[in-house]
Amino acid sequence: KAGEMYKIGKIGGFLHLYIGQEAVAVGFISAVGPDDYVIGAYREHGQALARGAEPGRVMAELFGKRTGVSKGKGGSMHMFDTEKRFMGGHGIVGGGMPLAVGMAFALDYRQTDQVVLCFFGDGAVNEGAFHESLNLASLWRLPVIYVCENNMYGMGTSVERASAVPQLFRRAQCYDMHVESVDGMDVLAVREAADRAVHHTRRHREPKFIEAVTYRFRGHSIADPGTYRTKEEIRQWEERDPIPKMRRY
């Protein structure tokens, strides 16, 4: 419906749909408590909903209304819901990662048992903020869980073409951090990995990195024709759609 409204000019700005990646948001966010913090990237509609943001307020934000979760000032890429401790929505690639370090540092300073859950895409792993954030999080032993939503493409460029090490969880190993890779199309597998990560980080007060291998069924943004992917590739991933898969289960 959001895509439909964008095409007829009711929604402006950018629009990055989360269709296909739902298992990642649901699996991870269902594993954290109401006092924990969650940070998304710019493809955060599904994450905001999974965190409990009221759907009407999420849609109102897309329409730029004052009744939106960010009072209509954030739009698609900057959804905040501070009551739910959902701290955005950030348009800069990798922009939420240093903020997660700061939030985790504050929790460590206050000596609480809370954790920070930080989502970002595969395109962020080549940003300087990725390396600086992971280094500080590990160096200071901060309670942050970094979740890389590897949907195989950073805009129109495949991971294989953009990363010398396409197994992205290996990028975090050099920062002396516990790492894991999980099938991001299976909500139960994601939830199990999330439970392990949250328990570890909450108990040991140190960071963890998880790569969730997933796939977006639509283009990078609503304006992306997606000509860099074949119909056969998309069809094969759609057969693993996490929603009907969970329904069948």
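Structure: above.
Residues numbered from 1 in each chain as written. Predicted model: local features only at pLDDT ≥ 70, side-chain atom pairs only at ≥ 80, totals over all residues. Heavy atoms only, no water.

## With respect to the overall build of the protein
Across its full length, the protein carries eleven helices and seven strands. The C-alpha radius of gyration computed for the protein amounts to 17 Å, which stays within 12% of the reference 18 Å derived for 249 residues, consistent with globular compactness. Projected onto its principal axes, the C-alpha positions of the protein cover 50 × 40 × 40 Å. Within the protein, buried positions represent 51% of all 249 residues. For the protein, the accessible surface area stands at approximately 12000 Å², while carbon and sulfur atoms represent 53% of it. (Helix = DSSP H or I, 4+ residues; strand = E, 2+ residues; numbered from the N terminus. Rg over C-alpha atoms; globule rule 2.2 N^0.38 Å. Buried < 20%, exposed > 50% of the residue type's maximum accessible area, 1.4 Å probe, protein only. Areas by Shrake-Rupley, 256 points an atom, 1.4 Å probe, with all protein chains shown as cover.)

## Some points on the layout of surface pockets
Empty space within the largest pocket amounts to approximately 430 Å³. Residue lining of the largest pocket: 28 residues in total, with Tyr42, Arg43, Val93, Gly121 and His220 positioned closest to the centre. Mapped by element, the contributors of at least two residues to the lining of the largest pocket are strand S2 (116-121) and strand S4 (153-154). Element by element, the count of residues in the lining of the largest pocket is highest for S2, at three residues. Among the residues making up the lining of the largest pocket, the classes are represented as twelve nonpolar, twelve polar and four charged. Along the walls of the second largest pocket sit 18 residues, with Lys1, Ala2, Gly3, Leu17 and His45 positioned nearest its centre. Broken down by secondary-structure element, the contributors of at least two residues to the lining of the second largest pocket are helix H1 (2-7), helix H3 (45-51) and helix H4 (55-62). (1 Å grid on protein atoms, 1.4 Å probe; cavity = no way out; pocket = protein on both sides within 12 Å on 5 of 7 lines; lining within 4 Å. Points joined across faces, edges and corners; volume = space filled by probe spheres on them. Nonpolar A, V, L, I, M, F, W, Y, C, P; charged D, E, K, R; others polar.)

## Here's the deal with the nonpolar core
Residues Val24, Phe28, Val38, Leu117, Phe119 and Val147 are the most contacted members of the largest nonpolar core, which totals 34 residues. Secondary-structure elements contributing two or more residues to this core are H1, helix H2 (22-29), H4, S2, strand S3 (144-150), helix H9 (187-204) and strand S7 (208-213). With five residues, H9 is the largest single contributor of residues to this core. For Leu117, the residues in contact, after removing those within four places along its chain, are Phe28, Ile29, Val32, Tyr37, Val38, Ile39, Ile145 and Val147. Grouped together as the second largest cluster of nonpolar side chains are 26 residues, Tyr37, Val101, Val116 and Met177 included. (Core = buried A, V, L, I, M, F, W, Y, C linked by side-chain atoms within 4.5 Å. Contact = heavy atoms within 4.5 Å.)

## What about the side chain of Arg43?
Tracing the backbone shows Arg43 in the loop between strand S1 (37-39) and H3. Among buried Asp, Glu, Lys and Arg side chains, Arg43 stands out as unpaired, with Glu149 the closest opposite charge at 7.0 Å. At 2.9 Å, the side chain of Arg43 forms a polar contact with the backbone oxygen of Leu17. Only 3.0 Å separates the side chain of Arg43 from the backbone oxygen of His220, close enough to count as a polar contact. Not counting the four nearest positions on each side in its chain, Arg43 is found in contact with His16, Leu17, Tyr18, Gln21, Asn151, Arg216, Gly219 and His220. (Lys, Arg positive; Asp, Glu negative; His and termini not counted. Salt bridge = Lys/Arg side-chain N within 4 Å of Asp/Glu carboxyl O. Polar contact = N/O pair within 3.5 Å; in protein donor to acceptor, adjacent residues only side chain to side chain.)

## As for helix H5 (residues 96-110)
An ideal rise of 1.5 Å per residue puts 21 Å on 15 residues; H5 measures up with 21 Å between its terminal C-alpha atoms. Taken together, the buried positions of H5 are Gly96, Met97, Ala100, Val101, Ala104 and Leu107. The arc that holds the buried residues of H5, viewed along the axis, is 150°, so those residues lie on one side. Away from its buried face, by an angle of more than 90 degrees, H5 presents the exposed residues Tyr109 and Arg110. Contacts made by the buried residues of H5 are with S1, S2, helix H6 (128-139) and S3. One or two steps after H5, the chain reaches Gln111, where phi turns positive at roughly 60°. (Expected span 1.5 Å × (residues − 1). Arc of directions from axis to C-beta.)

## A closer look at the environment of Glu232
Here Glu232 is to be found in helix H10 (residues 231-238). It is 33 Å that separates the C-alpha atoms of Glu232 and Arg51, two residues lying 181 residues apart in sequence.

## Regarding the environment of Gly20
With respect to the helices and strands, the residue Gly20 is situated in the loop between H1 and H2. By relative accessible area, Gly20 is classed as buried at 1%. Residues Gly20 and Ala212 lie 192 residues apart in sequence; the distance between their C-alpha atoms is 12 Å. Ignoring any residue separated from it by four or fewer positions in sequence, one finds Gly20 in contact with Met185, Thr214, Tyr215, Phe217 and Pro242.

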